[in-house]
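Structural characterization, general
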Amino acid sequence: MNAATQTFFRSRWVTPPPEFEQLEPTQLAPGFRAAGVACGLKGDGGTDVGVMTCEAPEVKSALALTRNAAAAAPVRVCRQECDADALRAVAVNSGNANAATGEQGYRDALAMRDAAAEALNVEPPSVAVAETGTIGVPLDIEAVTTGVLEAVQGLSATGGDDFAQAIMTTDKGPKRCAIRAGEVTVSAQAKGAGMIEPGFATMLCFVQTDAVVEDPDRILRSALADSMERITVDGQMSTNDTVMLQATGTAGSVLPKGLLEAVLLQLALEIVADGEGATRVGRAEVIGAKSAAEAERVARAIANSPLVKTALFGRDSNWGRIAQATGMALAGEELDELGPDRIQAADLASDLPEAELSVNLGRGESRAHVYFSDLTHDYIRINAEYTT
């Protein structure tokens with residue numbers, strides 16, 4: 001394996017499969033084609049509409065969607081109008097979230113889906129739709145459907161980069177990969193910078209593979225549990241979070257152990273690192289909790305603490321901020337006094353781009369971790385300037 005094959009799996013927290021080949025990130029798993037075009041939703045004229053489609057005889061799929069009660073129109077369409085088990089395609093746009101846009105927004109999301117289905121000559125329920133961008137602004141559906149038709153005409157087996165560009169908003173660059181391990185290929189595209197925190201945190205992510213996947217929903221949710229479900233940027237749950245997995249089975253082999261998990265974790269960490277104004281990534285681990293839920297509650301309190309984020313940004317090994325956040329998460333409960341013997345925070349003061357932090361609650365056997373970034377006042381400034 002040469003050095004080039006190691007550039008995607010670059011985080012200290014990601015364990016790639018033993019043997020793999022990194023392909024050009026524009027490449028898609030066999031049987032898939034994609035494209036991205038500009039239709040005018042982005043003020044800078046950037047690529048903002050994309051289509052991904054599967055041309056294999058059969059496809060199995062799964063969707064994971066935001067739990068936000070104010071879910072955007074495309075999420076509601078996916079829940080109510082799509083066959084999540086057999087999705088052949090997805091139509092996406094960036095620059096407009098089509099969220100909080102009422103019944104017209106729902107009709108627009110359906111129109112976007114139906115335009116893609118007609119152009120691809122597939123049944124409408126087999127096409128998902130995803131959108132991201134500004135909330136509360138009516139969608140220019142005529143421009144979007146025109147863009148969808150143009151994207152379908154430009155579909156390519158090497159369209160992964162254009163598709164990844166089509167889902168970007170404030171991302172510094174596209175997040176995508178194509179990895180071959182044994183007989184199996186996995187390609188993926190993701191976006192995200194802000195509004196990334198619930199239990200489920202993803203923004204948008206699309207995964208394609210030629211592996212045999214008998215239970216895509218179980219496989220996807222298992223892989224998300226230790227990746228996208230373990231990140232936070234600003235503590236906000238998006239209205240539009242969507243993850244989609246498509247598998248054709250044409251490779252005749254199952255997913256190699258750890259491949260999907262490694263791909264999703266690396267993409268999740270890229271999302272965290274790309275938080276608006278972020279310069280470093282941290283991993284807050286909590287051990288010795290009474291339950292997994294308690295461990296996660298404390299880990300998220302640490303990861304979302306402005307004081308801890310500031311320490312991460314300023315390279316200040318002030319473990320007292322971790323103690324404060326821990327105690328706040330357990331307010332009203334009994335907790336043995338925390339000190340440097342139970343809090344590890346030396347990485348805060350290091351030059352490592354990824355800092356490991358931990359706290360031992362001394363209350364039980366459960367543990368959990370959350371990945372986060374050092375958002376500072378830059379986040380407020382950037383969001384004040386961001387309009388599309």
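Residue positions are given per chain, counting from 1 as you read along its sequence in written order. Totals for whole chains, interfaces and linings use all residues, but because this is a predicted model, local features are given only for residues with pLDDT of at least 70 and pairs of side-chain atoms are given and counted only at 80 or more. Water and hydrogen atoms play no part in the side-chain values, which are based on all heavy atoms of the structure.

Focus: the nonpolar core
Here, the term nonpolar core denotes a set of buried Ala, Val, Leu, Ile, Met, Phe, Trp, Tyr and Cys residues that are joined through side-chain atoms within 4.5 Å. Buried means the residue's accessible area, taken with a 1.4 Å probe over protein chains only, is under 20% of the maximum for its type, while exposed means over 50%, and partly exposed covers the values in between. The biggest cluster of nonpolar side chains holds 51 residues, and the ones touching the most others in it are Val90, Val148 and Phe206. Where helices and strands are cited, they refer to DSSP runs of H or I of at least four residues and of E of at least two residues respectively, numbered from the N terminus. For this core, the leading source of residues is helix 2 (residues 102-120), giving eight residues. Leave out the neighbours within four places in its chain, and valine 90 touches Gly50, Val51, Met52, Val127, Ala128, Val129, Ala130, Phe163, Phe206 and Met244. By definition, residues are in contact when any of their heavy atoms lie within 4.5 Å.

Overview of the sheet that holds strand 11 (residues 281-289)
When DSSP locates at least two bridges between a pair of strands, those strands are taken to pair. Overall, mixed pairing links the four strands, which are arranged 12-13-11-14 in an open sheet. Of all the strands in the sheet, just strand 12 (343-344) and strand 14 (366-373) have a single pairing partner and so form its edges. In this structure, strand 11 lies alongside strand 13 (residues 354-360), joined through seven bridges in parallel fashion. Directly across from valine 286, in strand 13, lies its bridge partner valine 359. The convention used is that axes are lines fitted to C-alpha atoms, helices contributing only their stretch in contact, and that angles between N-to-C directions extend from 0 to 180 degrees. Its contacts with the sheet place helix 7 (residues 292-303) against strand 11, strand 13 and strand 14, and it is angled at close to 25° to strand 14.

Observations regarding the packing of helix 2 against helix 3 (residues 141-153)
At a minimum axis distance of 9 Å, the contact between helix 2 and helix 3 shows a crossing angle of 25°. With respect to each other, helix 2 and helix 3 are oriented roughly parallel. At the point where helix 2 passes helix 3, the crossing takes the right-handed sense. Taken together, the residues of helix 3 that come into contact with helix 2 (itself represented by Asp108, Ala111, Met112, Ala115, Ala116, Ala119 and Leu120) are Ile141, Val144, Thr145, Val148, Leu149 and Val152. Each residue gets one of three labels, nonpolar for Ala, Val, Leu, Ile, Met, Phe, Trp, Tyr, Cys and Pro, charged for Asp, Glu, Lys and Arg, and polar for the others, Gly among them. Partitioned by chemical class, the residues of the contact of helix 2 with helix 3 number 11 nonpolar, one polar and one charged. Throughout this description, any angle smaller than 35 degrees is read as roughly parallel, any larger than 145 degrees as roughly antiparallel, any in the 65 to 115 degree range as roughly perpendicular, and the remainder as oblique. Each crossing gets its hand from how the near helix is turned against the far one by less than a right angle, where anticlockwise is left-handed and clockwise is right-handed.

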